[in-house]
Amino acid sequence: MAEAQLPFQYPRHRFHSSDVYFRYRIVFSKSEDLIYLSHIDLIRSLERIFRRADLPVRLAGKFHPMPRIIVALALPLGVHGLREILDVELTVSLNSDSILEQLRGQSPHGLIFDSCVAV
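Presented here is an overview of the structure given in this document. Source: prediction; values computed, not measured.

### As for the side chain of Glu-89
Checked against the element boundaries, Glu-89 lands in strand β6 (residues 81-90). There is a polar contact of 2.5 Å between the side chain of Glu-89 and the side chain of Arg-23. Within the local environment of Glu-89, its side chain forms a polar contact with the side chain of Arg-58, the two groups lying 2.5 Å apart. Excluding residues within four positions of it along the chain, Glu-89 makes contact with Tyr-21, Phe-22, Arg-23, Pro-56, Val-57, Arg-58 and Arg-68.

Right under this line is the structure:
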């Protein structure tokens, strides 16, 4: 039996563990309806955004590997985050402008990526 072809293509899963990684610090803002997202839901959303943007995020851990996406501070519900800091580890060195462009293309309304710097 042949498999049916999907009308769209899933993004490749580029999350994998690696000994070599490149750390980037991203400044983003959270406003509008996204202020009611909890911190855990924000982290899950960021994982999905990075996956949709097809960025090679490094996995850490042996038995239950998780993407290395770290948000500096957890804000309470209902608070606007104007300059939140996010650290991410990628397995490939990329241009900061291309990272921002890919993230902005996949981000929901109310989540704005301001800047990206290699650390």
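Let's pick the thread back up.
### What about the nonpolar core?
Counting residues in hydrophobic clusters, the biggest one holds 25 residues, and the most contacted among them are Ile-26, Leu-46, Phe-50, Leu-86, Leu-103 and Phe-113. For this core, the secondary structure elements donating two or more residues are β2 (22-30), α1 (39-52), β5 (69-71), β6, α2 (96-106) and β7 (111-118). When sequence neighbours within four positions are dropped, the list of residues in contact with Leu-103 reads Ile-26, Ile-49, Phe-50, Ala-53, Leu-55 and Phe-113.

### With respect to the packing of aromatic side chains
What the rule picks out here adds up to one aromatic pair. Centroid distance Phe-28 to Phe-113: 6.2 Å. Interplanar angle 45 degrees. Geometry classified as tilted. Here the residue Phe-28 occupies a position in strand β2, and Phe-113 occupies one in strand β7, the gap between them amounting to 85 residues. By the burial criterion, Phe-28 is buried, and Phe-113 matches it.

The rules behind these values
- Residues numbered from 1 in each chain as written.
- Predicted model: local features only at pLDDT ≥ 70, side-chain atom pairs only at ≥ 80, totals over all residues.
- Heavy atoms only, no water.
- Helix = DSSP H or I, 4+ residues; strand = E, 2+ residues; numbered from the N terminus.
- Polar contact = N/O pair within 3.5 Å; in protein donor to acceptor, adjacent residues only side chain to side chain.
- Contact = heavy atoms within 4.5 Å.
- Core = buried A, V, L, I, M, F, W, Y, C linked by side-chain atoms within 4.5 Å.
- Buried < 20%, exposed > 50% of the residue type's maximum accessible area, 1.4 Å probe, protein only.
- Phe/Tyr/Trp six-rings, centres within 6.5 Å; stacked < 30°, edge-to-face > 60°.

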